[in-house]
Amino acid sequence: MNIIAQTEFVLASASPRRKELLAQLGIAFEVITSNVEETSVQAQSVEQYVQEVARLKTRDVAAQCGKKTVIGADTIVVFQDRLLHKPKNRAEAITHLQALSGNAHRVLTAVVIIQPDGEETVFVEETVVKFKQLSFELIEAYVDSGDPFDKAGGYGIQTHGALFVERIEGDYNNVVGFPLASLFEQLIHLRLLTF
Ligand SMILES: Cc1cn([C@H]2C[C@H](O)[C@@H](COP(=O)(O)OP(=O)(O)OP(=O)(O)O)O2)c(=O)[nH]c1=O
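Just so it is clear, the model here is predicted, and its values are computed rather than measured. (Residues numbered from 1 in each chain as written. Predicted model: local features only at pLDDT ≥ 70, side-chain atom pairs only at ≥ 80, totals over all residues.)

A.B. asks: I would appreciate a short explanation of the site of the ligand in the present structure.
C.D. replies: In the vicinity of the ligand lie 23 residues, with Ser13, Ala14, Ser15, Ile157 and Gly177 positioned nearest. Only α1 (16-23), β4 (69-79) and α5 (172-176) provide two or more residues apiece to the shell around the ligand. The element that contributes the greatest number of residues to the shell around the ligand is β4, accounting for four residues. Of the residues in the shell around the ligand, the class split is nine nonpolar, nine polar and five charged. (Near = placed C-beta within 6 Å. Helix = DSSP H or I, 4+ residues; strand = E, 2+ residues; numbered from the N terminus. Nonpolar A, V, L, I, M, F, W, Y, C, P; charged D, E, K, R; others polar.)

A.B. asks: Looking at this model, I keep getting lost on helix α3 (residues 90-100). Mind explaining?
C.D. replies: Within α3, burial applies to Ala93, His96, Leu97 and Leu100. The buried residues of α3 occupy an angular sector of 90° when projected down its axis, which confines them to one face. Of the exposed residues in α3, those oriented more than 90 degrees away from the buried face are Ala91 and Gln98. Turning to α3, the residues buried within the fold contact β4, β5 (82-84), β6 (104-114), β7 (120-131) and α4 (136-144). (Buried ≥ 20, exposed ≤ 12 C-beta atoms within 10 Å, placed from the backbone. Arc of directions from axis to C-beta. Contact = placed C-beta atoms within 7 Å.)

A.B. asks: Help me understand the environment of aspartate 60 in this model?
C.D. replies: As for its placement among the helices and strands, aspartate 60 is situated in helix α2 (residues 46-62). Between the C-alpha atom of aspartate 60 and that of isoleucine 32, which follows or precedes it by 28 residues, the distance is 9.8 Å. If sequence neighbours within four positions are ignored, aspartate 60 has contacts with Ser34, Asn35 and Val36.

What follows is the structure in structure tokens.
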């Protein structure tokens, strides 16, 4: 399938996974990373929080590039209304995985599209992931591999975190950091892509 960009695109993300996912569309884009501090965001709900962070990152990059369409995102892991951020250290990574073990959690990704005229489109996609019961030995071995530290919730479903999954409801790519199918749908709707 030939997907044609109707605008110049910029991806506002340092995540190599988002870059790979966007590249799957087969369109050209530039990558510009924002320097926004995520922890400063205040919100009433996790849905509002993830949108606000994604908005801040995307706006920061949009301010640097005039006539282009900027796409940014933020992914959070929510367990019983608690946000499980990227773990700061080994102990936190272990605590996150112990909480997720044997339970279902939500992964929310907010995507923001800012067009050259400043028009903003925001949507949030949710995927529910149920983990198997994880032994302490397995959690420790995984944490010691170093994989959890750049990932929300402290695991990567695209790496050895895949071994923890009992079932998943929703878009797998949303857990990796970009709900590609919904993004495609939005970009078609906004006439920023054609095929
Ligand atoms: C749950 C989960 C998260 N993640 C990643 C997706 C995101 O990259 C990261 C969450 O952090 P984000 O703050 O959403 O993204 P980032 O810091 O990697 O990149 P940027 O802010 O520049 O866009 O966790 C996985 O790769 N696999 C998973 O299974």
